[in-house]
Amino acid sequence: MTDEQDKLFAKNRAVTTGFRFDEQVVKVFPDMIARSVPGYELVVPMIGMLARRYAQPDSNLYDLGCSLGAASLAMSLAVSAGGTKIIAVDNSAAMVARCRNIVAENGGVVPIDVRLQNMRETPIEKASVVVLNFTLQFLDPGERQALVDRIARGMLANGALILSEKICFEEPQEQADQTAWHHDFKRTQGYSDLEIAGKRNALEDVLRPETEAAHLQRFRNAGFSRCHRWFQCFSFASYIAFK
């Protein structure tokens, strides 16, 4: 399969189909996420760098909601701790099929086990690094604390949870500014106003962002000892929390 340019919403696809991680999205996903998420192409290798620092020997590394395996590959190429394994999980059959092909062609030293599985059902065991790279936002808000709690229970001492999310803002003017800046970014990437509006409408019921305060409180509730925001560009932020 050859990656294609994202033109899915050029004809207002949202009106008839909404947003699904189906075969059409898989074909354009690398282009879509790079042109839609400012900083994404920096965040992914930095996940590899952080994993290299915090991966412990003879432990598991998890990429929950792995899509096409970008974070998994970054970890596989960067981690040097012996006896580690990456478990990459996604519930989209189309994503997993393509991810397995990409991993087979591009994987590093650390083996990657790509699984077709719902991350809410994935056993978390002996984990030194867990990645949720723009995936928690697609889970029902009422289920997010339980997932983070389960991750925390399956982590080794000093393990690291790396979370990237689209966040929202409590102050209305800041929210309006951040939204406008993000749309300007998309325009610089070649998206039309029709495409921007179409994708936003399609994602409205499936991507539900939260404030930074909500994420930090969830980490505290789960028993993580400290958390830092290590990246932000407009409404897209990345955090690391330690067990």
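The preceding data block contains the structure.
Scope of this entry: the structure provided in the associated data block. (Residues numbered from 1 in each chain as written. Predicted model: local features only at pLDDT ≥ 70, side-chain atom pairs only at ≥ 80, totals over all residues. Heavy atoms only, no water.)

1. Regarding the overall build of the chain
The number of helices and strands found in the chain is 9 helices and 8 strands. Computed over C-alpha atoms, the radius of gyration of the chain comes to 17 Å, within 12% of the 18 Å expected from 2.2 N^0.38 for 243 residues, which places it in the range of a compact globule. In terms of principal-axis extent, the alpha carbons of the chain reach across some 50 × 45 × 30 Å. Put simply, the chain has 243 residues, and 51% of those count as buried. Taking the contacts inside the chain whose residues are at least 6 apart along the sequence as the reference set, 77% of them involve residues at least 24 apart. When the accessible surface of the chain is summed, it comes to about 11000 Å², and 50% of that surface belongs to carbon and sulfur atoms. The distance from the centre of the 28 positive side-chain charges to the centre of the 29 negative ones in the chain is 4 Å. (Helix = DSSP H or I, 4+ residues; strand = E, 2+ residues; numbered from the N terminus. Rg over C-alpha atoms; globule rule 2.2 N^0.38 Å. Buried < 20%, exposed > 50% of the residue type's maximum accessible area, 1.4 Å probe, protein only. Contact = heavy atoms within 4.5 Å. Areas by Shrake-Rupley, 256 points an atom, 1.4 Å probe, with all protein chains shown as cover. Lys, Arg positive; Asp, Glu negative; His and termini not counted. Charge placed at Lys NZ, Arg CZ, Asp CG, Glu CD.)

2. Here we look at helix H7 (residues 172–188)
With 17 residues, H7 extends 25 Å from end C-alpha to end C-alpha; this agrees with the ideal 24 Å at 1.5 Å per step. Taken residue by residue, H7 has Gln-178, Thr-179, His-182, His-183, Phe-185 and Lys-186 as its buried positions. Projected down its long axis, H7 carries its buried residues within an arc of 155°, all on one side. Next to the buried residues of H7 lie helix H2 (23–36), strand E5 (155–168), helix H8 (193–203), strand E7 (226–233) and strand E8 (236–242). With a side-chain oxygen positioned 3.1 Å from the backbone nitrogen of Gln-173, the residue opening H7 is Glu-171. Downstream of H7 by a residue or two, Gly-190 has a phi angle that is positive, lying close to 95°. (Expected span 1.5 Å × (residues − 1). Arc of directions from axis to C-beta. Polar contact = N/O pair within 3.5 Å; in protein donor to acceptor, adjacent residues only side chain to side chain.)

3. Overview of the nonpolar core
Judged by nonpolar contacts, the single largest core of 45 residues is most densely connected at Leu-61, Met-75, Val-79 and Val-129. When near neighbours in sequence (up to four residues on either side) are disregarded, Val-129 contacts Ala-51, Tyr-54, Ala-55, Asn-60, Leu-61, Tyr-62, Met-75, Ala-160 and Ile-162. Core analysis: the next-biggest nonpolar cluster, separate from the first, contains 26 residues, Ile-124, Ile-167, Phe-219 and Ala-241 among them. (Core = buried A, V, L, I, M, F, W, Y, C linked by side-chain atoms within 4.5 Å.)

4. Points about the pattern of salt bridges
In the structure shown here, the tally under the stated rule is 9 salt bridges. A salt bridge links Glu-210 to Arg-144, with the shortest nitrogen-to-oxygen separation between them at 2.9 Å. One end of the pair, Glu-210, is in strand E6 (residues 210–211); the other, Arg-144, is in helix H6 (residues 141–153), with 66 residues separating them in the sequence. In this structure, Glu-210 and Arg-144 share a single accessibility class: buried. A salt bridge links Glu-210 to Arg-218; the shortest N-O distance between them is 2.8 Å. For the pair formed by Glu-210 and Arg-218, the shared burial category is buried. Beyond isolated ion pairs, a larger network of salt bridges with shared partners links Arg-144, Glu-210 and Arg-218. (Salt bridge = Lys/Arg side-chain N within 4 Å of Asp/Glu carboxyl O.)

5. Concerning the packing of aromatic side chains
Counting across every chain of the model gives 6 aromatic pairs. For the ring pair Phe-219 and Phe-224, a centre distance of 5.9 Å and an interplane angle of 75° mean the geometry is edge-to-face. Residue Phe-219 shares its accessibility class with Phe-224, and that shared class is buried. Here Trp-230 and Phe-231 contribute two aromatic rings whose centre-to-centre distance is 6.4 Å and whose plane-to-plane angle is 50°, an arrangement assigned as tilted. The positively charged end of Arg-226 is found above the aromatic ring belonging to Phe-242, 3.9 Å away from the centroid. (Phe/Tyr/Trp six-rings, centres within 6.5 Å; stacked < 30°, edge-to-face > 60°. Lys NZ or Arg CZ within 6 Å of the ring centre and 35° of its normal.)

6. Details of unusual backbone geometry
The phi dihedral of Asp-58 is positive, around 55°, even though this residue is not glycine. When you line up the elements, Asp-58 lands in the loop between helix H3 (40–54) and strand E1 (60–64). Its identity is not glycine, yet Asn-158 carries a phi of approximately 70°, on the positive side. With respect to the helices and strands, Asn-158 occurs in strand E5. Residue Asn-158 is classed as exposed on the basis of its relative accessible area, which comes to 55%.

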